Amino acid sequence: MTRSVLLPPGTPARASRRLARPNRPGPARLLLLLATLCLAACAHRPSYDPADPLETLNRGVYSFNSTADRFVLRPVAVGYKKVVPGFMRTGINNFFANLFYPSTIVNQFLQGKFLDGSSDLGRFLVNSTFGLAGFIDVASHWGLPHHSEDFGQTFGRWGVGEGWYLMLPFLGPSTNRDLLGRIVDIPLNPTTHIRDEGGLIWGLNLLDAIQLRAQLLNADALLKDQLDPYLFVRSAYLQSRWSAIHDGKPPSEEPDFEDFDDF
């Protein structure tokens, strides 16, 4: 199944193909045209999607997250980017990427990617030692590329459905499958095994959130230009996750010519 930016994620593939067929005269086509015009007239209202039955609630959480971001996280991220030099921001990003890399390694093996898993284990060891706890990405220069895997992707590779789309407070977009993946990933997060002295864990998590937000500052203009930012974020997230599950090469769907006999 291939996702389309022209149709909300979750639209059945057969339905999307039917909407794309040439018009034929007749009452059914006229009714379809009228329905399309009605939907266009109500485009400002929340659009129902089978994958997003909690849209009204999700929009409320999205509004809350946007407000918190506008008044708290984004200003802090802007200040962080102005104050911290570029090479230090790169080092901090490398550190957190390496810190959470055990999850990628485990999930590579669980997905049967033994060569990539072995390579990622080597990458983690190299950066943790020669890269000074990951601040310097030595492994990439040694031909050990970076990958990103999590239990949400592993469940997807195992055939577990994504379930409902969810907008989580502070955490942002997710699905039932990815939320479960987040929970299962917790034991692989090294910070959960560190004895917190003086708020160290809170400080690390806060710094990670700030540096991640700073990386997304350039995307603010794109989001601002969207007629419905919520739908844009939902579509972008679901398509991104679908692509990640298939390592950037999602399977294409062959045309079902039997559908043309329905009319």
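Here goes a summary of the coordinates provided. For every chain, the first residue of its written sequence is number 1, and the numbers climb from 1 along that sequence. Where totals are concerned, whole chains, interfaces and linings use all residues; where local detail is concerned, this predicted model gives features only for residues with pLDDT of at least 70, and gives and counts side-chain atom pairs only at 80 or more. For side-chain calculations, the full set of non-hydrogen atoms in the structure is used, while hydrogens and water are omitted.

**Section: the overall build of the chain**
Heads up, the condition is: Strands are runs of DSSP state E lasting at least 2 residues, helices are runs of H or I lasting at least 4, and numbering of each runs from the N terminus. The buried label applies to any residue whose accessible area, calculated with a 1.4 Å probe on protein chains only, is under 20% of its type's maximum; exposed applies above 50%, and partly exposed to all values in between. The contact criterion used is simple: two residues touch if any of their non-hydrogen atoms lie within 4.5 Å.
Looking only at helices and strands, the chain features twelve helices and two strands. N-terminal to C-terminal, the α/β element order of the chain is α-α-α-α-α-α-α-α-β-β-α-α-α-α. In the chain, buried positions account for 33% of the 263 residues. Taking as baseline every contact in the chain between residues at least 6 positions apart, the subset at least 24 positions apart corresponds to 67%.

**With respect to the packing of aromatic side chains**
As a reminder, the rule being used: Planes of paired rings set the category: under 30 degrees apart is stacked, over 60 is edge-to-face and the rest tilted, where pairs are Phe, Tyr or Trp rings (Trp by its six-membered ring) whose centres lie within 6.5 Å. Criterion for a charge above a ring: Arg CZ or Lys NZ at most 6 Å from the ring centre, at most 35 degrees from the ring normal.
According to the stated counting rule, one finds eleven aromatic pairs in the structure shown. Judged by centre distance (5.5 Å) and plane angle (50°), the rings of Phe130 and Trp142 are tilted. One end of the pair, Phe130, is in the loop between α6 (114-129) and α7 (138-141); the other, Trp142, is in the loop between α7 and α8 (151-157), and twelve residues separate them in sequence. Of the two residues, Phe130 and Trp142, both sit in the exposed class. In textbook terms, an aromatic cluster arises when at least three aromatic residues are bridged by ring pairs, as seen for Tyr62, Tyr165, Tyr230 and Tyr237. The ring of Tyr101 carries the charged tip of Arg123 above its face, separated from the ring centre by 5.8 Å.

**Here's the deal with the side chain of Thr175**
What counts is decided by this rule: As used in this structure description, the phrase polar contact means that two N or O atoms lie within 3.5 Å; if the pair is within protein, one of them must be able to donate a hydrogen and the other to accept it, and residues adjacent in sequence are counted only when both atoms belong to side chains.
With respect to the helices, strands and loops of the structure, Thr175 is situated in strand β2 (residues 172-175). Since its relative accessible area comes to 2%, Thr175 is described here as buried. In terms of polar contacts, Thr175 uses its side chain to reach the backbone carbonyl oxygen of Glu162, at 3.4 Å. Not counting chain neighbours up to four residues away, the residues in contact with Thr175 comprise Glu162, Trp164, Tyr165, Leu166, Tyr237 and Leu238.

**Observations regarding a nonpolar patch on the surface**
Heads up, the rule is: Patch definition: residues with relative accessible area over 30% and no salt bridge; like charges joined within 9 Å; nonpolar side chains (Val, Leu, Ile, Met, Phe, Trp, Tyr) joined within 5 Å. To measure how exposed things are, a 1.4 Å probe is used in the Shrake-Rupley method; for residues, cover is taken only from the protein chains shown. The salt bridge criterion pairs a side-chain nitrogen of Lys or Arg with a carboxyl oxygen of Asp or Glu, the two atoms within 4 Å.
A cluster of nonpolar side chains, namely Val106, Leu110, Trp158 and Val160, defines an oily patch on the protein surface of about 330 Å² accessible area. Mapped onto the secondary structure, Val160 falls in the loop between α8 and β1 (165-168). The class for Val160 is partly exposed, based on a relative accessible area of 38%.

**Concerning the pattern of salt bridges**
Oppositely charged side chains can pair when the atoms bearing their charge come close. Enumeration over the complete set of coordinates arrives at 13 salt bridges. The closest approach of N and O atoms between Arg59 and Glu55, which form a salt bridge, is 2.9 Å. Of this pair, Arg59 and Glu55 both sit in helix α3 (residues 55-83), four residues apart, roughly one helical turn. Like Arg59, the residue Glu55 is buried in the burial classification. The residue Asp220 makes a salt bridge to Arg74 at a minimum N-O spacing of 2.6 Å.

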